[in-house]
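# Structural characterization, general
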Amino acid sequence: MLLSDIINQLVTMDKCLKKDKVAFIRIDINSPIVNGKIIDDFRIRAHTVTLRLALDAGLKVVVLAHQGRPGQDDFTSLELHKPLLEKYLERPIKFVDDVIGPEARKQIKELKGGEILLLENVRMLSEEVIEKVPEAQAETMLVRKLAPLGDYFIFDGFAVAHRSQPSVVGFPIVMPSCMGYVFEKELRALATVFEKRGKGVTLIAGGAKIPDTLKAIEQLLKNGLVETVAVGGLVGFVFAVAKYGVVNNLLRQEIEKGGFLPYIDKARYILDKYGSQIHTPIDFAINRNGRIDIDIYSLTQVPLDIGRSTIIQFKEIIRQSDIVIFSGPMGYIEDEKFAMGTIELLRAGADRNLILGGGHTIFAAEKAGVISKAFHVSTGGRAFIQTIGGEEMPAVKALLISAKKFWA
Ligand SMILES: Nc1ncnc2c1ncn2[C@@H]1O[C@H](COP(=O)(O)OP(=O)(O)O)[C@@H](O)[C@H]1O
Ligand SMILES: O=C(OP(=O)(O)O)[C@H](O)COP(=O)(O)O
C-alpha cells in the first residue's frame, strides 16, 4: 500500500484535541549527552509544536519519552530535559520521577486542562526495551496501569517509530489513538518522495549505519523509488571495496573493525544489479598535517572525508535532481576540515527539495546553514532510513489497528 493511502487511514491529531481530556503523548527527545549535558536539542524543539497544540486546546497532557538505553552512559533521568522543554514551550511543566507508580498516577489524576506532566524515562521500566507485537505490549504494566487514566494516546515520536515497544505500540490497542503533528508531518514528507516514483530523486547516503543503509538503498532501487544513489562515509567504504576490490587494504580493515565485512558482498550484489545508478567515491581526503586529497589507489591512511573530485561529481548529480534525500555524513564531521564534503553537498542539496535525517546529518546541516531552506528535516535516524526503505513501522501498524478499532 502507498504511504499516502496509509496516512489517509490514520487518525489526525485534531480528533483528539478535546478540552479537559487526558492525552498520553509519546515523543522522542532522546538527545546526545556529553558530560551530563544535552548538546543538541533539535528533537526537543521539534516536539514542542505538538505539545503546544495539545495544551492550547486544553488537554491534560502526560508526556512519555525515553533517553538512552539501560546500561549506556546516556541513560539518564528526563529531569535533564525538563528545563529545555519549559524554555521552548514557554510555560512550566510538572515532572515526576516515576512512570507507573502511585505518585505518577496521583499526579496524572490531579492534572488540570492545559497542564503538562513529564513522566520519568519510560525505559526505567525493564519491560519497555523488550520488543513484542502490539497486542502483547497492550498487556504490559505500563499500559495496564496508565491507559485507564487517559482518554487518548497521541503518537508523535517518529524517531522511535521503528521500535515495537510498549510506549510505542501498546496504547493504540486499548485506547483511541492518533498521529501527533510531528509524526504526521514526517510521514507526509516521505510520501511526497514516494509519489515521484523515483523520477529525479537522488539519495545521498553516508554515515556509519551500514546494515540499515544498505538495506534501504537496495529497497529504494528495487522499488524504483530513487533514480540515483551517491554514497560516502563508512557506507562509501563498503561500496568502494565492493566496486574496486581490495585496491587498498586499509578500507577493508576499517570495515572489518566494525564487524561489517559481510556487507561488502551485499554491496557487490547491489552494484551488480543497479551499478549504473550508484556512484561511489573516486577520491578521499586524509589527514597528513592537514587535509589532503588522494585518489582511491594511493591511500596511505584511513580516509576522513570524500575528496574534491568526488564532491564535484556528487554536486553535479544533485544539480540534476528534483529531490535530494540526505542520510548520514560523507566524512568525519566532528573535525571541521573533514566536514567539507558533507557541508558542500548539503548546501548544493538546499537548492533542490532537500530532505534530511539523522542526528549527525542535522548537526552538519546546522553548520551548513541549510536547516531553514530544507524541504523537510526528519527527527528520525534509523526510523528515517527504514521508512524511506519502505519498511512498515510498528507505530504505524499499531495506529492502523487503533483507527479500525476505535474510530471506524
Ligand atoms: N570517513 C569517516 N571516518 C570516520 N568517521 C566517519 C566517516 N564518515 C562518517 N563518519 C562518522 O559517522 C558518524 C555518523 O553516522 P550516522 O550515525 O550513521 O549518521 P546520522 O546520525 O546522521 O544518522 C559520525 O560520527 C561521523 O564522524
Ligand atoms: O535516537 C533514536 O534513534 P536513532 O539513533 O536511530 O536516531 C531513537 O530514540 C531510538 O533509540 P533506540 O535506538 O535506543 O531505540
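Residues numbered from 1 in each chain as written. Chains lettered and ligands numbered in written order. Predicted model: local features only at pLDDT ≥ 70, side-chain atom pairs only at ≥ 80, totals over all residues. Heavy atoms only, no water.

- The name recorded for the chain in an unreviewed UniProt entry is Phosphoglycerate kinase, from Pyrobaculum islandicum.
- Listed in UniProt under the heading Catalytic activity (unreviewed entry), the comment for the chain reads: "(2R)-3-phosphoglycerate + ATP = (2R)-3-phospho-glyceroyl phosphate + ADP".
- Under the UniProt heading Subunit (unreviewed entry), the note attached to the chain is "Monomer." (UniProt positions renumbered as here; feature names shortened; annotations may be inferred.)

### Comments concerning the pairing of strand β13 (residues 291-295)
- Examined bridge by bridge, strand β12 (residues 283-287) and β13 share five bridges and lie antiparallel to one another. Bridge pairing links Ile 286 to Ile 292 in β13.
- Here β12 hands over to β13 after three residues, with Asn 289 in that stretch at a positive phi of 50°. (Pairing = 2+ DSSP bridges. Helix = DSSP H or I, 4+ residues; strand = E, 2+ residues; numbered from the N terminus.)

### Topic: the site of ligand 1
- By nearness alone, 18 residues border ligand 1, and Ala 208, Lys 209, Glu 334, His 360 and Thr 361 come closest of all.
- Within the backbone of Gly 331, one N or O atom sits 3.5 Å away from a nitrogen atom of ligand 1.
- In this structure, an oxygen atom belonging to ligand 1 sits 2.5 Å away from a side-chain N or O atom of Glu 334.
- Alone, ligand 1 offers 570 Å² of accessible surface; in the complex the protein occludes 85% of this.
- Among the residues making up the shell around ligand 1, the classes are represented as eight nonpolar, eight polar and two charged. (Near = heavy atom within 4 Å. Polar contact = N/O pair within 3.5 Å; in protein donor to acceptor, adjacent residues only side chain to side chain. Areas by Shrake-Rupley, 256 points an atom, 1.4 Å probe, with all protein chains shown as cover. Nonpolar A, V, L, I, M, F, W, Y, C, P; charged D, E, K, R; others polar.)

### Details of the UniProt feature "binding site: substrate" (unreviewed entry) in the chain
- Mapped onto this numbering, the UniProt entry gives "binding site: substrate" (unreviewed entry) at Asp 28, Ile 29, Asn 30, Arg 43, His 66, Gln 67, Gly 68, Arg 69, Arg 123 and Arg 163.
- By the secondary structure assignment, Ile 29 is in the loop between β1 (22-26) and β2 (33-34).
- Judged by relative accessible area, which is 0%, Ile 29 ranks as buried.
- Once residues within four sequence positions are removed from consideration, Ile 29 is found in contact with Arg 43, Ile 44, His 47, Ala 65, His 66, Gln 67, His 81 and Leu 85.
- By relative accessible area, Gly 68 is classed as buried at 4%. (Buried < 20%, exposed > 50% of the residue type's maximum accessible area, 1.4 Å probe, protein only. Contact = heavy atoms within 4.5 Å.)

### A closer look at the site of ligand 2
- The full set of residues close to ligand 2 is Asp 28, Asn 30, Arg 43, His 66, Arg 69, Arg 123, Ala 159, Arg 163, Gly 381 and Arg 382.
- At 2.9 Å, a side-chain N or O of His 66 approaches an oxygen atom of ligand 2.
- At 2.7 Å from an oxygen atom of ligand 2 is found a side-chain nitrogen or oxygen belonging to Arg 69.
- Burial of ligand 2 by the surrounding chains reaches 87%, relative to a free accessible area of 390 Å².
- In terms of residue class, the shell around ligand 2 is built from one nonpolar, three polar and six charged.

### Remarks on the sheet that holds strand β14 (residues 305-306)
- With respect to topology, three strands assemble into an open sheet ordered β13-β12-β14, the strand pairing being antiparallel. Looking at which strands have only one partner, the edges of the open sheet turn out to be β13 and β14.
- In the sheet, β12 pairs with β14 via two bridges, with the strands oriented antiparallel. Each residue of the ladder has a partner; that of Ala 285, found in β14, is Asp 305.

### Topic: the packing of aromatic side chains
- Scanning all chains against the criterion turns up nine aromatic pairs.
- Judged by centre distance (5.1 Å) and plane angle (15°), the rings of Phe 153 and Phe 171 are stacked. With Phe 153 in strand β7 (residues 152-155) and Phe 171 in helix α7 (residues 166-174), this pair connects stretches of sequence that are 18 residues apart. The pair formed by Phe 153 and Phe 171 is uniform in burial state, with each residue classed as buried.
- One aromatic cluster is present, formed by Phe 24, Phe 153, Phe 155, Phe 158, Phe 171 and Phe 183 through successive ring pairs. (Phe/Tyr/Trp six-rings, centres within 6.5 Å; stacked < 30°, edge-to-face > 60°.)

### Some details on the UniProt feature "binding site: ATP" (unreviewed entry) in the chain
- Those residues carrying the UniProt feature "binding site: ATP" (unreviewed entry) are Glu 334, Gly 358, Gly 359, His 360 and Thr 361 in this numbering.
- The residue Glu 334 is located in the loop between β15 (323-327) and α14 (340-349) in this model.
- Taking the relative accessible area as the measure of exposure, Glu 334 reaches 48% and is therefore partly exposed.
- Among the secondary structure elements, His 360 is positioned in helix α15 (residues 359-368).
- Every residue in contact with His 360, bar those within four places of it in the chain, is listed here: Pro 329, Ile 333 and Glu 334.

### Structural notes on the pairing of strand β10 (residues 226-231)
- Most of β10 is tucked away, with five of its six residues classed as buried.
- One ladder, built from five bridges, connects strand β9 (residues 198-205) with β10; its direction is parallel. In the sheet register, Ala 205 faces β10, and the bridge partner there is Val 231.
- One crossover worth recording links β9 to the parallel β10 by way of helix α9 (residues 210-222), and it is right-handed.
- In the sheet, β10 pairs with strand β11 (residues 278-279) via two bridges, with the strands oriented parallel. Paired with Val 229 across the two strands is Ile 278, which belongs to β11. (Right-handed = clockwise from strand over helix to strand, strands pointing away.)

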